[in-house]
Amino acid sequence: MDRAGATKARLAWAAFVVGILVTTGKANAQSKDRAEVLAALLAQRGYDNVAVTRRGPDLSATFENNVVRYEIRASWEALDLLTAEAESSAVVTVVQQRLSIPIVTVTVNAGSYRAFRRGELRAEELMKYLHVSFNTHDRSLELQGPKLHSSFWRFDVIAHPQFRAQFGDFNEPVHSQVNITPEVSTSLWPGARIAAQLIIPL
């Protein structure tokens, strides 16, 4: 091969390598963008301290539920959202927090979970593909970093009604008291929440 031919061959290989790098970079950027969109969707639903990461076909998310009373329902909502975006063979992981501390990890195969939600798979069969763990250390490490809808130094104001009653004497057989109790609370750091109440008798 002459010098001109060798130069063309080197240029062809260089173009091939650059093409692979550009394609990989675009794919990684698209994965990152989609993870950010999923995190934004969870934050829009009112969940706190949200982060989503994608590693190959697998998706992982973490959040704190201060929206619904039933924690399992919050897990279902997050799994519904993530598995809808994942390949059938992908593994989807949800790490739930309490006071910004990871407390439970739910891992499931995306295809099996979708089949269960469609009614094509029984709960007993889903358990073969679903794993619940309270060892959250490994999963929470990969989800460290900035979170959407942070609960730190955000002040929440709620009002509690209070009613008290007790039996009294013959002249006044029942003593009752009705109060309104406004409460202001905020999170200072993971695991720490401070609250102040004011009792207003009615």
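Residues numbered from 1 in each chain as written. Predicted model: local features only at pLDDT ≥ 70, side-chain atom pairs only at ≥ 80, totals over all residues. Heavy atoms only, no water.

**As for the packing of aromatic side chains**
- A full pass over the atoms with the stated rule returns three aromatic pairs.
- Ring geometry for Tyr 47 and Phe 63: centres 4.8 Å apart, planes at 55°, overall tilted. Residue Tyr 47 is found in the loop between helix H1 (3–44) and strand E1 (48–55), and its partner Phe 63 is found in strand E2 (residues 58–64); the two are separated by 16 residues along the sequence. Neither residue differs from the other here; Tyr 47 and Phe 63 are each classed as buried.
- Their ring planes at 35° and their centres at 6.0 Å tell us that Trp 76 and Phe 116 sit as a pair that is tilted. (Phe/Tyr/Trp six-rings, centres within 6.5 Å; stacked < 30°, edge-to-face > 60°. Helix = DSSP H or I, 4+ residues; strand = E, 2+ residues; numbered from the N terminus. Buried < 20%, exposed > 50% of the residue type's maximum accessible area, 1.4 Å probe, protein only.)

**Examining a nonpolar patch on the surface**
- A cluster of nonpolar residues, Phe 163, Val 178, Ile 180, Leu 198, Ile 200 and Leu 202, forms a patch on the protein surface that exposes about 590 Å² of accessible area.
- Structurally, Leu 198 can be placed in the loop between strand E8 (192–197) and strand E9 (200–201). (Patch = residues over 30% accessible without salt bridge, like charges linked within 9 Å, V, L, I, M, F, W, Y side chains within 5 Å. Areas by Shrake-Rupley, 256 points an atom, 1.4 Å probe, with all protein chains shown as cover. Salt bridge = Lys/Arg side-chain N within 4 Å of Asp/Glu carboxyl O.)

**A closer look at the layout of surface pockets**
- Roughly 210 Å³ of internal volume is contained in the second largest pocket.
- Taken together, 14 residues make up the lining of the second largest pocket; nearest its centre are Ile 72, Ser 75, Trp 76, Val 106 and Val 132.
- For the lining of the second largest pocket, the elements supplying multiple residues, two or more each, are helix H2 (71–85), strand E4 (101–109), helix H4 (123–126) and strand E5 (130–133).
- Element by element, the count of residues in the lining of the second largest pocket is highest for H2, at five residues.
- Among the residues forming the lining of the second largest pocket, the class breakdown is eleven nonpolar, two polar and one charged. (1 Å grid on protein atoms, 1.4 Å probe; cavity = no way out; pocket = protein on both sides within 12 Å on 5 of 7 lines; lining within 4 Å. Points joined across faces, edges and corners; volume = space filled by probe spheres on them. Nonpolar A, V, L, I, M, F, W, Y, C, P; charged D, E, K, R; others polar.)

**Brief notes about the nonpolar core**
- If you look at the biggest cluster of nonpolar residues, it comprises 29 residues, and the most contacted ones within it are Leu 42 and Val 52.
- Breaking this core down by element, the ones donating at least two residues are H1, E1, E2, H2, strand E3 (91–98), E4 and helix H3 (110–117).
- Among residues more than four places away in sequence, those in contact with Val 52 are Ala 35, Leu 38, Ala 39, Leu 42, Leu 59, Ser 60, Ala 61 and Leu 143. (Core = buried A, V, L, I, M, F, W, Y, C linked by side-chain atoms within 4.5 Å. Contact = heavy atoms within 4.5 Å.)

**Considerations on the environment of Ser 187**
- Counting through the fold element by element, Ser 187 comes out in strand E7 (residues 174–189).
- For Ser 187, a relative accessible area of 4% translates into the label buried.
- A sequence separation of 36 residues divides Ser 187 from Ser 151, and the C-alpha atoms of the two residues are 6.2 Å apart.
- Once you skip the residues sitting within four places of it in the chain, Ser 187 turns out to touch Ser 151, Phe 152, Trp 153, Ala 192 and Arg 193.
- A distance of 2.9 Å separates polar atoms of two side chains, one belonging to Ser 187 and the other to Arg 193. (Polar contact = N/O pair within 3.5 Å; in protein donor to acceptor, adjacent residues only side chain to side chain.)

**Notes on the sheet that holds E1**
- Pairing in this open sheet of five strands is mixed, and the strands run E1-E2-E3-E4-E5 from one edge to the other. Two strands close off the open sheet at either side, each with one partner strand: E1 and E5. The mean angle between the axes of side-by-side strands here comes to 15°, regardless of whether they run parallel or antiparallel.
- Across six bridges, E1 lies against E2 in antiparallel orientation. Of the residues in E2, the one forming a bridge with Val 52 is Ala 61.
- Across the sheet, H3 touches E3 and E4, and the angle it forms with E4 is around 85°. (Pairing = 2+ DSSP bridges. Axes fitted to C-alpha atoms, helices over the stretch in contact; angles between N-to-C directions.)

**Looking at the side chain of Gln 96**
- For Gln 96, the location among the structural elements is in strand E3.
- Of the polar contacts made by the side chain of Gln 96, one reaches the side chain of Glu 71; its length is 2.9 Å.
- Setting aside chain neighbours within four positions, we find Gln 96 in contact with Phe 63, Asn 65, Glu 71, Ala 74, Ser 75, Ile 101, Pro 102, Ile 103 and Val 104.

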